[in-house]
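# Breakdown of the fold
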Amino acid sequence: MGMLLGSLLGHPQTRRAVGSVFRQWSQRRIERLDRMNAGELQRRILARLVRKARSTRFGQDHGFSRIRSIADYQSAVPLRRYEDFWRDYWQPTFPHSFDATWPDAVRYVALSSGTTTGKTKYIPLTDEILKSHQRGALTSLARLQTFDPQFTPFSGKMFFLGGSTGLESVGNGPLMGDLSGVVNREAKDWVRPFTFPSPELSLLNDWDVKLDRLAAASINQPITLVSGVPSWLLVLFDRVRQLTGRDTLREVWPTLQVVVHGGTSFEPYRRLFRKVIGDDSVRLIETYPASEGFIASDDPRYEMLRLIPDNDIFFEFVPSQELFSARPTRHTIDQVEPGINYGVVLTTTAGLWSYILGDTVTFESSERLLLRFSGRVDHFLSAFGEHVIGEEVDRSIERAALVTDAAVADFHVGPVFPSSTEKVGFHRYYIEFVREPESLDRFRDVLDQHLSAINDDYRAHRLGDLTMGPPEVLTLPRGTFADWMKSRGKLGGQNKVPRLDNTGRIGEQLGNWMETVADHDLSRFG
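A short tour of the structure in this document, coming up.

### Examining the overall build of the protein chain
Broken down by element type, the protein chain carries 18 helices and 20 strands. For 526 residues, the compact-globule estimate of 2.2 N^0.38 gives 24 Å, and the protein chain sits close to it at 23 Å. Viewed in the frame of its principal axes, the protein chain has a C-alpha envelope of about 65 × 60 × 45 Å. Considering the protein chain as a whole, with its 526 residues, one finds that 54% of them fall into the buried category. Contacts in the protein chain between residues far apart in sequence, at least 24 positions, make up 68% of those at least 6 positions apart. Carbon and sulfur atoms make up 49% of the accessible area of the protein chain, which amounts to about 23,000 Å² in all. A gap of 7 Å separates the mean positions of the 64 positive and 66 negative side-chain charges of the protein chain.

### Some words on the packing of aromatic side chains
Enumeration over the complete set of coordinates arrives at 37 aromatic pairs. Centre to centre, the rings of Phe22 and Phe154 are 5.2 Å apart; their planes meet at 65 degrees, and the pair counts as edge-to-face. Here Phe154 lies in the loop between α7 (127-147) and β3 (157-160) and Phe22 lies in helix α2 (residues 12-35), a separation of 132 residues in the sequence. Phe154 matches Phe22 in its accessibility class, with the two residues each being buried. On the numbers, 5.4 Å between centres and 25 degrees between planes, the contact of Phe85 with Trp90 is stacked. Owing to a relative accessible area of 0%, Phe85 belongs among the buried residues under this scheme. Trp90 gets classed as buried once you look at its relative accessible area, which sits at 0%. Across the ring face of Phe85, the terminal group of Arg80 is positioned such that the distance to the ring centre comes to 6.0 Å.

### What to know about the pattern of salt bridges
A complete count under the given rule lists 43 salt bridges for this structure. Between Arg301 and Asp34 there is a salt bridge; the shortest N-O distance is 3.0 Å. With Arg301 in the loop between β10 (293-299) and β11 (304-307) and Asp34 in helix α2, this residue pair connects regions lying 267 residues apart in the sequence. Arg301 sits in the partly exposed class, given a relative accessible area of 34%. Put simply, Asp441 and Arg444 hold a salt bridge, and the shortest N to O gap is 3.8 Å. Taken together, the residues Asp441 and Arg444, both in helix α15 (residues 440-454) and three residues apart, mark about one turn of the helix. You can call Arg444 partly exposed: its relative accessible area is 26%. It is possible to trace a salt-bridge network through shared partners that takes in Arg48, Lys52, Asp104, Glu128, Arg135 and Asp312.

### Points about the side chain of Asp298
Mapping Asp298 onto the fold places it in strand β10. One buried charge, Asp298, has no salt-bridge partner; the nearest side chain with opposite charge is Arg283, at 6.8 Å. Ignoring anything within four residues of it in the chain, the contact list for Asp298 reads Arg143, Leu284, Ile285, Glu286, Glu303, Met304 and Leu305.

### Focus: the sheet that holds β11
Read across the open sheet, the eleven strands follow the order β6-β3-β7-β8-β9-β10-β11-β15-β14-β13-β12; overall the sheet is mixed. At either end of the open sheet lies a strand with only one pairing partner, and these are β6 (195-196) and β12 (314-319). Contacts from α7 reach β3, β7 (223-228), β8 (258-261), β9 (283-290), β10 and β11, with the element oriented near 5 degrees to β10.

### Observations concerning the packing of α2 against α7
As a packed pair, α2 and α7 sit with axes 8 Å apart at the nearest point and diverge in direction by 100 degrees. Looking at the two axes, α2 sits roughly perpendicular to α7. Taking contact as the criterion, the partners of Phe22, Arg23, Trp25, Ser26, Gln27, Arg29, Ile30 and Leu33 in α2 are, on α7, Arg135, Leu138, Thr139, Leu141, Ala142, Arg143, Gln145, Thr146 and Phe147. When its residues are assigned to classes, the contact of α2 with α7 shows eight nonpolar, five polar and four charged.

### Describing the environment of Phe159
Along the chain, the position of Phe159 falls in strand β3. Here Phe159 falls in the buried class, since its relative accessible area comes to 0%. Residues Phe159 and Leu41, spaced 118 residues apart in sequence, show a C-alpha to C-alpha distance of 33 Å. Setting aside residues up to four positions removed in sequence, Phe159 forms contacts with Phe196, Pro197, Leu214, Ser218, Ile223, Leu225, Val226, Ser227, Leu236 and Trp253.

### Digging into empty space enclosed by the protein
A complete count under the given rule lists one cavity of 30 Å³ or more for this structure. Roughly 30 Å³ of volume is contained in the largest cavity. Its residues assigned to classes, the lining of the largest cavity shows three nonpolar, two polar and three charged.

### Regarding the packing of helix α11 (residues 230-244) against helix α13 (residues 270-277)
Contact geometry for α11 and α13: axes closest at 11 Å, N-to-C directions at 25 degrees. As far as their axial angle goes, α13 and α11 are roughly parallel. Considering only the axes of α11 and α13, their crossing is left-handed. When α11 is examined against α13, the residues Pro230, Leu233, Leu234, Phe237 and Arg241 are found in contact with a partner set consisting of Leu272, Phe273 and Val276. Taken together, the residues that form the contact of α11 with α13 break down as seven nonpolar, no polar and one charged.

### Remarks on helix α8 (residues 179-186)
Every buried residue of α8 is accounted for by Leu179, Gly181 and Val182. One side of α8 holds all its buried residues, which, seen down the axis, span an arc of 160 degrees.

Procedures and definitions
Residues numbered from 1 in each chain as written. Predicted model: local features only at pLDDT ≥ 70, side-chain atom pairs only at ≥ 80, totals over all residues. Heavy atoms only, no water. Helix = DSSP H or I, 4+ residues; strand = E, 2+ residues; numbered from the N terminus. Rg over C-alpha atoms; globule rule 2.2 N^0.38 Å. Buried < 20%, exposed > 50% of the residue type's maximum accessible area, 1.4 Å probe, protein only. Contact = heavy atoms within 4.5 Å. Areas by Shrake-Rupley, 256 points an atom, 1.4 Å probe, with all protein chains shown as cover. Lys, Arg positive; Asp, Glu negative; His and termini not counted. Charge placed at Lys NZ, Arg CZ, Asp CG, Glu CD. Phe/Tyr/Trp six-rings, centres within 6.5 Å; stacked < 30°, edge-to-face > 60°. Lys NZ or Arg CZ within 6 Å of the ring centre and 35° of its normal. Salt bridge = Lys/Arg side-chain N within 4 Å of Asp/Glu carboxyl O. Pairing = 2+ DSSP bridges. Axes fitted to C-alpha atoms, helices over the stretch in contact; angles between N-to-C directions. Parallel < 35°, antiparallel > 145°, perpendicular 65-115°, else oblique. Nonpolar A, V, L, I, M, F, W, Y, C, P; charged D, E, K, R; others polar. 1 Å grid on protein atoms, 1.4 Å probe; cavity = no way out; pocket = protein on both sides within 12 Å on 5 of 7 lines; lining within 4 Å. Points joined across faces, edges and corners; volume = space filled by probe spheres on them. Left-handed = near helix turned anticlockwise from the far one by under 90°. Arc of directions from axis to C-beta.

Here it is as structure tokens:
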């Protein structure tokens, strides 16, 4: 049956028919999103979630049966981090504990690496939240399809660079693995003829081997779309070009129409992606998925992320400086204001209740719910009182790369504290370049100057080098971050290099690892 279905769906006429049906569905989907009263819909979503979970231990602990409004809910349910849910509700009887916060069965658990702490998080995945993830992905395609009639993703194959579908269970509990692997495993049979890689390739666990196999197998495929985390997409693209001897992706995949990126700020990568792709007509589209829920997708009309308000997630937004205060201000989507850096808080159909996601966003339009990803709650630099957020570092690195004709693959920055009272601290950047700057000193100076121009606190601390010295930039050979992540057991499509760390510990760990490697391979870093 599967082979017959694949044969039928592989026929060009069938592909055109599927594309036509999807265009019609996309138009209806976007019209519904544009017409809906998002605030009222959010109230109904929260009421349904509370009603369904009132008999759970969490619901009983927080008086769900007495909740009648958003205000009631916010009074009864405080903000919580993952660690609070783990300690109070999930850990005691793990892996059979998720019914403490949600009544439905949990068949899967997403293993999500804490970007800063490195500790694995166990995020429950119910059937409802998996449908929400699928709806978010389809909405991303629908928004592009509706406003670009030339977009024909079903004419070829969509390449999703994700984790292994080979999942494991603990104690006869739910299957555990990468969210991308779970979503791939749950994909409907009719979808598979339109996607790449094959189920056999998707099962591979060794990330290095998998990247090589994916690159080799994709070369002769009619790829229309490729999706993944930017840093890992660059590694894939390099391997594809090395295998083929081609300079650009357009030469390898002439049918390529869209590159979908997400999971981190894209600005430091944008110019490099344009060069590697080799064709400005290929669209660069952003999505905002997290293991806990699908938040937003690119709206081509505004070329910005737009919240998806009907995805069975109740959203709250808290000014980032108030997230861990005793009485934080909790805004619903009809209360947000442009220009404020908000922490994202989710309530979902997987038993997450006012869950601090750990991301920060800034709204550009409160009416249209247009937003920018601005960083991570834990990703900031303020060791010397400079109050720098991830978005500001991203913009400054992009500016320095532009001025010095450099291309950045990835980076990490953290503070180096003074070793005596006669010295001042500074920021140390570890940067892996695809193309090194014409002058590393010029790159450093432009980065420093741009941060000073956009952040008053940084400028004040840099004035006269009195409380903070100039930044230091260390260049790393290509592949260093991948090797370091592998040494930490964090190699894979959903693992990202932690870019900012206010403690300085991650930079110290990276430096120590580099010294250890250099002791065994004198040519590696020197």
